[in-house]
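Spelled out from the first residue to the last, the chains are:
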Amino acid sequence: MTTTNIAQRYQTLLHSIIDAERRFSRVQGSVALLGVSKKQPMEKLQAGYDAGLRLMGENYLQEAQDKMPQLPKDIEWHFIGHCQSNKAKAVAENFAWCHTVDSLKLATRLAKASVASQKQLSICLQVNIENEPTKSGISLDSLPALAEKVAELRGLSLRGLMCIPTPCEDEVQSRRVFARLWRAQEDLIDRGHNLDTLSMGMSHDYEAAIAEGATLIRVGSALFGERQ
Ligand SMILES: *Cc1c(COP(=O)(O)O)cnc(C)c1O
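Quick look at the structure, then.

Procedures and definitions
Residues numbered from 1 in each chain as written. Predicted model: local features only at pLDDT ≥ 70, side-chain atom pairs only at ≥ 80, totals over all residues. Heavy atoms only, no water. Axes fitted to C-alpha atoms, helices over the stretch in contact; angles between N-to-C directions. Helix = DSSP H or I, 4+ residues; strand = E, 2+ residues; numbered from the N terminus. Parallel < 35°, antiparallel > 145°, perpendicular 65-115°, else oblique. Left-handed = near helix turned anticlockwise from the far one by under 90°. Contact = heavy atoms within 4.5 Å. Nonpolar A, V, L, I, M, F, W, Y, C, P; charged D, E, K, R; others polar. Near = heavy atom within 4 Å. Polar contact = N/O pair within 3.5 Å; in protein donor to acceptor, adjacent residues only side chain to side chain. Areas by Shrake-Rupley, 256 points an atom, 1.4 Å probe, with all protein chains shown as cover. Disulfide = S-S within 2.5 Å. Buried < 20%, exposed > 50% of the residue type's maximum accessible area, 1.4 Å probe, protein only. Pairing = 2+ DSSP bridges. Salt bridge = Lys/Arg side-chain N within 4 Å of Asp/Glu carboxyl O. Expected span 1.5 Å × (residues − 1). Phe/Tyr/Trp six-rings, centres within 6.5 Å; stacked < 30°, edge-to-face > 60°. Lys NZ or Arg CZ within 6 Å of the ring centre and 35° of its normal. Core = buried A, V, L, I, M, F, W, Y, C linked by side-chain atoms within 4.5 Å.

## Looking at the packing of helix H1 (residues 3-23) against helix H2 (residues 42-51)
Between two packed helices, both the angle of their axes relative to each other and the distance between the axes serve to describe the pair. Put simply, H1 and H2 touch, their axes get as near as 9 Å, and they point 45° apart. On the basis of the axis angle, H1 is oblique to H2. Judged by the twist between their axes, the crossing of H1 over H2 is right-handed. Between H1 and H2, the residues in contact are Thr3, Ile6, Ala7, Tyr10 and Gln11 and Glu43, Lys44, Ala47, Gly48 and Ala51, respectively. Split into classes, the residues belonging to the contact of H1 with H2 amount to 5 nonpolar, 3 polar and 2 charged.

Structure, rendered in structure tokens:
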């Protein structure tokens, strides 16, 4: 795929988001696009930037640290990969967001590093909605207790929830899973948490996610093409 295609795909995606907001009675402009640039070459990231993309998501710390200095400073970087506690400091220092917080230990380390670098890191708690043993993320059952502890940590701003459902062709099933994350978010809001972000939906299922309340969709291949 050429870099010109990326500008076209970016526009197509923006239109598709607006269309989905309309179809599913979402507030216009309530869904943001995070471009997932893992394993994509620099010229594609630059093309995304040139097309107007300002939110970029990376999964691997080293790869992200190599790319960041090569791009303009006004990009908001989101860490969306699995974050080991020993990487927490670097993640807190280099990213504006971390979507994959799934333990108090990790949250505490991110908080400590954020305070040390005098910043406020926005985070999402990653939820393993389908309770798959091999997947990261906390269970719905343990979510309220973790949210309560994380919300108290200085240096972190608990913004919402994130999930990565098993890839699924069935839109009804996808929507069911996304709806459960939305409900969990509503439950936390009822408990007094001030949350504004539901990070859910990828290239193949973002419309289902928008239907169920996503505010931030994470799109990789539909924007940048197949990964290397
Ligand atoms: C890779 C990745 C994406 C993007 O996936 P696509 O199917 O290419 O859109 C989104 N979220 C996470 C957590 C990812 O790891």
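Next comes the rest of the description.
## Quick word on the site of the ligand
Around the ligand, 13 residues are found, and the nearest of them are Lys38, Asn59, Ser203, Gly220 and Ser221. Side-chain polar atom of lysine 38 to an oxygen atom of the ligand: 2.7 Å apart, as the coordinates give it. Take glycine 220: an N or O atom from its main chain is 2.8 Å from an oxygen atom of the ligand. The protein chains hide 90% of the 390 Å² of surface that the ligand would expose on its own. Here the shell around the ligand is built from residues that sort into 6 nonpolar, 4 polar and 3 charged.

## Here we look at the state of the cysteines
Overall, the coordinates contain 0 disulfides when judged by the stated rule. Cysteine cysteine 98 shares no disulfide, and the gap to the nearest cysteine sulfur, in cysteine 83, comes to 4.9 Å. In this structure cysteine 98 comes out as buried when scored by relative accessible area, which is 0%. Unpaired in this structure, cysteine 163 has its nearest cysteine sulfur neighbour in cysteine 124, at a distance of 10 Å.

## Quick look at the pairing of strand E6 (residues 156-162)
Across the 7 residues that make up E6, a large majority, 5, are buried. Sheet topology note: the strand E5 (residues 121-126)/E6 ladder contains 6 bridges and is parallel. Residue leucine 125 lies in a different strand from E6, and its bridge partner there is leucine 161. Where E6 meets strand E7 (residues 197-199), 3 bridges bridge the pair, whose relative direction is parallel. The residue bridging methionine 162 from the neighbouring strand is serine 199, located in E7.

## A look at the pattern of salt bridges
Any two side chains of opposite charge can pair, given that their charged atoms come close. Counted by the stated rule, this structure contains 10 salt bridges. Residue aspartate 19 pairs with arginine 23 through a salt bridge whose shortest N-O separation is 3.2 Å. Taken as a pair, aspartate 19 and arginine 23 lie in helix H1 at a separation of 4 residues, close to a single helical turn. Residue classification places aspartate 19 among the partly exposed residues on the basis of a relative accessible area of 33%. A salt bridge links aspartate 187 to arginine 191; the shortest N-O distance between them is 3.3 Å. Among the residues examined, aspartate 187 registers a relative accessible area of 33% and is labelled partly exposed.

## So, H1
Under the 1.5 Å per step criterion, the end-to-end length of H1 is 30 Å for 21 residues, consistent within 8% with the ideal 30 Å. Considering only its buried residues, H1 is in contact with strand E1 (32-36), H2, helix H8 (206-211), strand E8 (216-219) and helix H9 (221-224).

## Section: the packing of aromatic side chains
What describes a pair of aromatic rings is the distance from one ring centre to the other and the angle between the planes of the rings. Per the counting criterion, the structure on display carries 1 aromatic pair. Stacked on the ring of tyrosine 49, the Lys or Arg arginine 54 has its end atom at 3.5 Å from the ring centre.

## Some remarks on the environment of histidine 204
The residue histidine 204 is located in the loop between E7 and H8 in this model. Histidine 204 gets classed as partly exposed once you look at its relative accessible area, which sits at 45%. A sequence separation of 186 residues divides histidine 204 from isoleucine 18, and the C-alpha atoms of the two residues are 17 Å apart. Sequence-distant contacts of histidine 204, that is, excluding residues within four places in its chain, are made with Pro167 and Cys168. Polar contacts involving the side chain of histidine 204 include one to the side chain of aspartate 205, which spans 3.3 Å.

## Section: the nonpolar core
Counting 68 residues, the largest nonpolar core has Leu110, Ile123, Leu125, Leu156, Leu161 and Ile217 as its most contacted members. With residues near it in sequence (within four places) discarded, leucine 156 still touches Ala107, Leu110, Ala111, Ser114, Gln120, Leu121, Ile123 and Val150. With 5 residues, the next largest nonpolar core counts Leu34, Val36, Leu55 and Ile80 among its residues.

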